[in-house]
Amino acid sequence: MANKKIDINRCTVEDLEQLPGIGRFKAEAIVKQRKAIRGFSCVNDLYNKVPGVGASIVEQNWTLLVCEKATPRSRRTGRGGRRTRHDSSTASLSEVVTPSPKPSSSGVTPRTGFRQGLRQRSRGNIAPPDLPATSSAADSVAGLTPRHDDTSRSAVLDSLSDSHMSEDGGSGEDEEGGSDDEDAVEDDDDDDDDDEDDEEEEEEAWFGDTISDDETPQNNTPSFPFLSSSLPLSIMGSSSTTSTPGLYRSRIPIPISGSFGKHIMKRKCSSSRDELVQGKRMRTTDDVSAFSVLMKTVRHQYKSGHRPRIPSKEHPPAKLSEWLQIFQTWSNAERMMALDELITICEPTQVRHMMQVIEPQFQRDFISLLPKELALYVLSFLEPKALLKAAQTCQYWRLLAEDNLLWREKCRDEGIDENLVYGPNRIRRKRCPWKALYMRQHQIELNWRCVELRQPKLLKGHDDHVITCLEFCGNKVVSGSDDNTLKVWSALTGKCLRTLVGHTGGVWSSQMSGNIVISGSTDRTLKVWNADTGNCIHTLYGHTSTVRCMHLHDNVVVSGSRDATLRMWDIDTGQCLHVLMGHVAAVRCVQYDGRRVVSGAYDYMVKVWDPETETCLHTLQGHTNRVYSLQFDGIHIVSGSLDTSIRVWDVETGNCLHTLIGHQSLTSGLELKDNILVSGNADSTVKVWDITTGQCLQTLQGPNKHQSAVTCLQFNKRFVITSSDDGTVKIWDLKTGEFLRNLVALESGGSGGVVWRVRCSNTKLVCAVGSRNGTEETKLLVLDFDVDDKKISV
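So, how was this worked out
- Residues numbered from 1 in each chain as written.
- Predicted model: local features only at pLDDT ≥ 70, side-chain atom pairs only at ≥ 80, totals over all residues.
- Heavy atoms only, no water.
- Helix = DSSP H or I, 4+ residues; strand = E, 2+ residues; numbered from the N terminus.
- Contact = heavy atoms within 4.5 Å.
- Areas by Shrake-Rupley, 256 points an atom, 1.4 Å probe, with all protein chains shown as cover.
- Phe/Tyr/Trp six-rings, centres within 6.5 Å; stacked < 30°, edge-to-face > 60°.
- Buried < 20%, exposed > 50% of the residue type's maximum accessible area, 1.4 Å probe, protein only.
- Lys NZ or Arg CZ within 6 Å of the ring centre and 35° of its normal.
- Pairing = 2+ DSSP bridges.
- Axes fitted to C-alpha atoms, helices over the stretch in contact; angles between N-to-C directions.
- Left-handed = near helix turned anticlockwise from the far one by under 90°.
- Nonpolar A, V, L, I, M, F, W, Y, C, P; charged D, E, K, R; others polar.

**Regarding the overall build of the chain**
Here's step 1: Helix and strand counts for the chain come out as 24 helices and 34 strands.
Here's step 2: Sequence separation of 24 or more characterises 51% of the internal contacts of the chain that already satisfy a separation of 6 or more.
Here's step 3: Roughly 39400 Å² of accessible area belongs to the chain as shown, and the carbon and sulfur atoms make up 49% of that amount.

**A closer look at the packing of aromatic side chains**
Here's step 1: Tallying each qualifying case throughout the model produces seven aromatic pairs.
Here's step 2: Ring geometry for Trp323 and Phe327: centres 5.9 Å apart, planes at 20 degrees, overall stacked. Of this pair, Trp323 and Phe327 both sit in helix 15 (residues 320-329), four residues apart, roughly one helical turn.
Here's step 3: Owing to a relative accessible area of 17%, Phe327 belongs among the buried residues under this scheme.
Here's step 4: Ring centres of Tyr377 and Phe381 lie 5.1 Å apart, and the angle between their planes is 90 degrees; this geometry places the pair in the edge-to-face category.
Here's step 5: Judged by relative accessible area, which is 59%, Phe381 ranks as exposed.
Here's step 6: Through a chain of ring-to-ring contacts, three or more aromatic side chains come together here, namely Trp323, Phe327 and Trp330.
Here's step 7: A cation over an aromatic ring shows up here: Arg626 above the ring of Tyr602, its NZ or CZ 4.3 Å from the ring centre.
Here's step 8: Sitting over the ring of Phe715, Lys673 keeps its end group 5.1 Å from the ring centre.

**A short note on the pairing of strand 34 (residues 779-784)**
Here's step 1: Along strand 34, five of the six residues are buried, which leaves the element largely enclosed by surrounding structure.
Here's step 2: As paired strands, strand 3 (residues 457-460) and strand 34 are joined by four bridges and run antiparallel to one another. Looking at strand 34, one finds that Lys460 is bridged to Lys779.
Here's step 3: Relative to strand 34, strand 33 (residues 764-771) runs antiparallel, the two sharing six bridges. By the bridge assignment, Lys764 is partnered in strand 34 with Asp784.

**Comments concerning the environment of Gly54**
Here's step 1: Within the fold, Gly54 resides in the loop between helix 3 (45-49) and helix 4 (55-60).
Here's step 2: Taking relative accessible area as the criterion, Gly54 reaches 1% and is therefore assigned buried.
Here's step 3: What Gly54 contacts, discounting residues up to four positions off in sequence, is Tyr47, Ser368 and Leu369.

**With respect to the pairing of strand 6 (residues 485-490)**
Looking along a regular strand, one sees side chains alternate from face to face of the sheet.
Here's step 1: Along strand 6, six of the six residues are buried, which leaves the element largely enclosed by surrounding structure.
Here's step 2: Residues Thr485, Lys487 and Trp489 point to one face of strand 6 and Leu486, Val488 and Ser490 to the other, with burial holding for every one of them.
Here's step 3: When strand 5 (residues 476-481) meets strand 6, the two strands line up antiparallel, connected through five bridges. Bridging from a neighbouring strand, Val477 pairs with Trp489 of strand 6.
Here's step 4: Linking strand 5 back to strand 6 in an antiparallel pair, the connection comprises three residues, with Asn484 at a positive phi of about 75 degrees.

**Remarks on the packing of helix 22 (residues 404-413) against helix 24 (residues 433-449)**
Here's step 1: One way to put it is that helix 22 packs onto helix 24 with a least axis distance of 7 Å and a crossing angle of 35 degrees. Seen from above, helix 22 lies across helix 24 with left-handed handedness. Contact residues: helix 22 offers Asn404, Trp407, Arg408, Lys410 and Cys411, while helix 24 offers Pro433, Trp434, Lys435, Leu437 and Tyr438.
Here's step 2: Broken down by class, the residue content of the contact of helix 22 with helix 24 amounts to six nonpolar, one polar and three charged.

**Focus on the sheet that holds strand 26 (residues 686-690)**
Here's step 1: If you trace the four strands from one edge of the open sheet to the other, you get 24-25-26-27, paired in antiparallel fashion. Here the strands that pair on one side only, and so sit at the sheet edges, are strand 24 (667-673) and strand 27 (695-700). Shown here is a sheet whose adjacent strand axes are inclined to one another by a mean of 20 degrees, direction ignored.
Here's step 2: Looking at chain direction, strand 24 and strand 25 (residues 676-681) are connected through six bridges and run antiparallel. For Glu671, the partnering residue across the bridge sits in strand 25 and is Val678.

**A short note on the sheet that holds strand 20 (residues 627-632)**
Here's step 1: The strand order across the open sheet built from four strands is 20-21-22-23, with neighbouring strands paired in antiparallel fashion. Pairing within the sheet leaves two strands with one partner each, and these edge strands are strand 20 and strand 23 (656-660). Going from strand to strand, the sheet's axes swing by 20 degrees on average, the running direction of each strand aside.
Here's step 2: Note that strand 21 (residues 636-641) and strand 22 (residues 646-650) share five bridges and pair antiparallel. Across the sheet, the residue bridging to Gly640 is Ile646, located in strand 22.

Next comes the structure, spelled out in C-alpha cells:
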C-alpha cells in the first residue's frame, strides 16, 4: 500500500481507510461526496469539499493520492452495439418507423454519429464529428431516400431530433429484430434505469432543463448547445423564431425556419402513432433540408474555432463580472433581497447546486485544519465535561482531547493534586496519566455524592469514655480520650496499632504530622510521640494548668493553657522557645503560621503576637463574650464567640473588617480556605461566608438540617461535611447549599447518640461517636469512598 497510488475518483472505501489518518468514517464520507459531486477535479477537493477531512490529512498522504478525470459509467448495449430497452413505447415507435437509417460511407449512421458527438462534446472530450457528404442535405442528416413517404420521414426525424436527450431504445430495426434479446433487455431494465438517470443528469448539465409538451413556451427562441450567439438570423431565409417543445433549453438562442421550428416534437413514449402526432402537423422534406443546413453551420463553426465553452472561472459567461460588480455595490439588505429573488427563479437543480456549495462551509472541521498547538489552545477553553464529549466526535478530536498537558491544566484548575489522589509513581503507569487522574477524582466525588455507601469499618476502643480529639494523616488515625490515652489505628484494616500511654490526666488536645503525634493533657504537660513505635520522645513541662489547645507548624508547636499563657516548643529537642503572656483568662484557641501567633481566650480578647520578641502586636477588641474558635490564613483573622457573632480582622492593622451576623448561639467550629469561611453553630445551622465582602453565601438548613448543635465540620471545594449532637453526619453542596445525603445516622440519634469529631481525607471519612448516657458505644467509624483502579480505563 505504501507504493500504490490511490485514484480518489475510482478507489473504494477499503482502499481509502488504509491510508494514514483516514479511518472508516472519513473514507465513507469521501466516497459519498464523490458520488454527490460526480467526481473530484483535484486532490485538494478532499479538504475543500469533504467534511471532516483536513489539509493535514491530505498533506500527509499527498504522495499516495492522485486524481484522474472522472468518467461516466458505461452503458449497457443491446444488439448492434446500441443500447436497447423493451417497453410499450418503443414497440409502438417501431411500428411507425419501419425503414432503417441509411449508413454513411464511414460506417456510422448520421443518427449515431450525432448522438456520440453530442455526448462526447458535453463531457469535454471531442468536438462533434463532421457529417458525411451525401447527394442531398436531407439524406445526409436522416439517411432517407426519395422513395420514403412523408410519414416515415417524419417519424425518423422525430427519433433523430430526440436522440440526444432520450434514453430509450435504438432504431426501429433493432427493437423489432429478434425476440432473443428481449428477455435479456427486460432483465437489465432496473440496472438501466440507474444509468439512464445518471446520463440524463450529465446531459442536463450541458443542455439545461427539458420542456414538457404541455408547457407553454415563454419565448420564440429554440436553442442548441453547439451554436454560438453570433449565428446569423437569416440562416434559413426567415427571421422568425419559435419554441422547440421536447428539446432541451440552451443558453444560446438560434432562429429556425417556421415550418421546422413550429412542429418539432419530443417523443413521449406513447403507445400509438395517433398519440405520437396528435394535434401536430407532420414534418416535410423542407424541414429535413433546413435541419441539414443548420448542422452544416454547426460543423463550420467548430472547424473555424468558434466553439462555445462550458462556463468556468477561466471562461465565465458574458457580463458576469459586470453583474458581480453591481451586486457588490448594494447594501446588505439589497443583497439579501436579490438573493431571495434569485433563489425564487432558480430551477431545483440549481438550488441543489447552491446547497452543495454552501453546506460544506458550515460543516468545515476547523479543529482538524488548525496546527496541533492552536487546536489544543482552542480546546483548553472547554470544560472537562465538554472535552470528554468532544473526544467522541472523531478519531482526530479524540487524539487531541486526550493530550496529557491539556488534562494537566484541567487538574490544576480543579485543584487536583497527584499525591492527593494517587500514591507515589502510580499515575505514570497510565497512557494519559493526567486524564486518568481527573477521571479518578471525578469518580471519587460521585462516590461521596450519590453512590451507595459501603459498610463502614468499626474501630472500638476507649471503652465508654469520651473521645476528645481526633487526627487523621495518611492511613493512620489517632484518637485521644479522657481515659488518659491515645490510640493509633490503621484506616485500611481498622486495627489498633498502638496505645500511647503516659499521661496522668485526660487528653484534651492533639496535633499530628507524619508519624509524630503531640498531645496536651489535664496533667499540664505536652508529650511528643512516635506513632510507628508508640514511644514517648519528649515530655514538655511548663504550663501550670490544663493544656487546652495547640497548633503545629513545621517542628514548632504553640500550646495554650488555662493558666492564660502560650508557650512555643521545639518538638525535635523538647526545648521551650518562647512564653507569651498577656491574656487574663484561659486561652481557648490558637493559630500559628510560622511568623505570627494568634490566640483567643475567655477574656473576650484576640491577640496577635510576635514570637521572636514575645510582644503582643495587637489586641483585637470587639467580642462581648468568650472566644471559642479561630482561623488565620496569614492575612485575615476570623474569630467566633459565645456572643453569636463572627469577626474578620486584618492581621497587620488589627482593624475589624467585617462582623458576620446570622447565628443565634455559640460558634464552636470554623474552617477557612481561599477566603471562604464555613461556620458551625450550636443553633444547629451551618453558614458559608465570603470574608472579603462579609456576605453570607449559603445557609445549610431546611427540612434536612441538623436537629441539635453542630459539633464539628470539614469542607473542600465541592462539599461541606458536618456532624452534630443529633447523631448524624451530613454532606452538603458547597456552591448551592443543597443537602445531598446522610453519611452517618446513628440508631441512638436523638436519644443520646452523638458524633463528637469528624476528620476527612480525599477518599475517607473518620467519625468519633458515642454517647453521654451509655446509649451508644464509643467507637470510630471509617467510611471509604475510594475507587478501584481497574474501573478507570483511559
